[in-house]
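Each chain, written out:
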Amino acid sequence: MEQISTNQAPAAIGPYSQAIKVGNFLYTSGQIPLTPEGELVTGDIVTQTHQVFANLKAVLAAANATLDHVVKVTVFVKDMNDFGAINEIYGQYFGEHRPARSLVEVARLPKDVSLEIELVAALEC
């Protein structure tokens, strides 16, 4: 196992890694709308979702990967009413690439944010 980290995404706020590489797979920890400096991004779900994707892209880049390497996405949302907006932004980032995905409404997320996203990427196919 290899820990992956970057200062281009927020540092872990607990005893975990931004990502772990095992063989040809990368498993990211969930990313929430924090800036790389650790400041919470406020505003609507659109702004927050873009920040989460910026963080995820930075973690992937630290492992020499891109969103095109992603095989599975798990999205946690506080309010299922945000599904449409999140889904639209998600489509902008993945384009024609269609990784498997789960989207689950949850009661609460770290720092009371509106969404958290984690990824699994295949580094070599």
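These numbers were taken from a predicted model, which means no experiment stands behind them. (Residues numbered from 1 in each chain as written. Predicted model: local features only at pLDDT ≥ 70, side-chain atom pairs only at ≥ 80, totals over all residues. Heavy atoms only, no water.)

**Describing the overall build of the chain**
No. 1: Broken down by element type, the chain carries two helices and six strands.
No. 2: Listing the helices and strands of the chain from first to last along the sequence gives β-β-β-α-β-α-β-β.
No. 3: Taking 2.2 N^0.38 as the reference for a compact globule, 125 residues should give roughly 14 Å; the C-alpha atoms of the chain span a radius of gyration of 14 Å, in line with that estimate.
No. 4: Its C-alpha atoms give the chain principal-axis dimensions of roughly 35 × 30 × 20 Å.
No. 5: In the chain, which comprises 125 residues, the proportion classed as buried is 42%.
No. 6: If the 8 positive side-chain charges of the chain are averaged to one point and the 14 negative ones to another, these points end up 3 Å apart. (Helix = DSSP H or I, 4+ residues; strand = E, 2+ residues; numbered from the N terminus. Rg over C-alpha atoms; globule rule 2.2 N^0.38 Å. Buried < 20%, exposed > 50% of the residue type's maximum accessible area, 1.4 Å probe, protein only. Lys, Arg positive; Asp, Glu negative; His and termini not counted. Charge placed at Lys NZ, Arg CZ, Asp CG, Glu CD.)

**Some thoughts on the nonpolar core**
No. 1: With 28 residues, the main nonpolar core has Leu26, Phe53, Leu60, Val70, Val73, Ile117 and Leu119 as its most contacted residues.
No. 2: In terms of residue count, helix α1 (residues 45-62) provides more of this core than any other element does, seven residues in total.
No. 3: Apart from the residues lying within four places of it in its own chain, the contact partners of Val70 are Leu60, Phe94, His97, Pro99, Leu119, Val120 and Ala121. (Core = buried A, V, L, I, M, F, W, Y, C linked by side-chain atoms within 4.5 Å. Contact = heavy atoms within 4.5 Å.)

**Focus on the pattern of salt bridges**
No. 1: Under the criterion given, the structure shown has one salt bridge.
No. 2: Here Arg108 and Asp112 are joined by a salt bridge, their closest N and O atoms 2.6 Å apart.
No. 3: Overall, the relative accessible area of 39% leaves Asp112 in the partly exposed class. (Salt bridge = Lys/Arg side-chain N within 4 Å of Asp/Glu carboxyl O.)

**Regarding the environment of Ala62**
No. 1: Relative to the helices and strands, Ala62 resides in helix α1.
No. 2: The partly exposed category is assigned to Ala62, whose relative accessible area is 32%.

**Section: the sheet that holds strand β5 (residues 100-105)**
No. 1: Here we have six strands laid out as an open sheet, ordered β1-β2-β3-β6-β4-β5, and mixed in their pairing. Edge positions in the open sheet fall to β1 (2-4) and β5, since each of these has one partner strand only. The mean inter-strand angle of the sheet, taken between neighbouring strand axes irrespective of direction, is 15°.
No. 2: In the sheet, strand β4 (residues 70-77) pairs with β5 via six bridges, with the strands oriented parallel. Bridging across to β5, Thr74 finds its partner in Ser102.
No. 3: α1 rests against β1, β2 (19-22), β3 (25-28), β4 and β6 (115-122) of the sheet, and its axis sits at about 30° to β6.
No. 4: Across the sheet, helix α2 (residues 83-94) lies against β4, β5 and β6, angled at about 155° from β4, the strand it touches most. (Pairing = 2+ DSSP bridges. Axes fitted to C-alpha atoms, helices over the stretch in contact; angles between N-to-C directions.)

**Overview of the pairing of β6**
No. 1: Counting buried residues in β6 gives seven out of eight residues, a clear majority hidden from the surface.
No. 2: Bridging between β3 and β6 involves three bridges; their strand directions are antiparallel. Bridge pairing in β6 places Tyr27 opposite Val120.
No. 3: Note: β4 against β6, seven bridges, orientation antiparallel.

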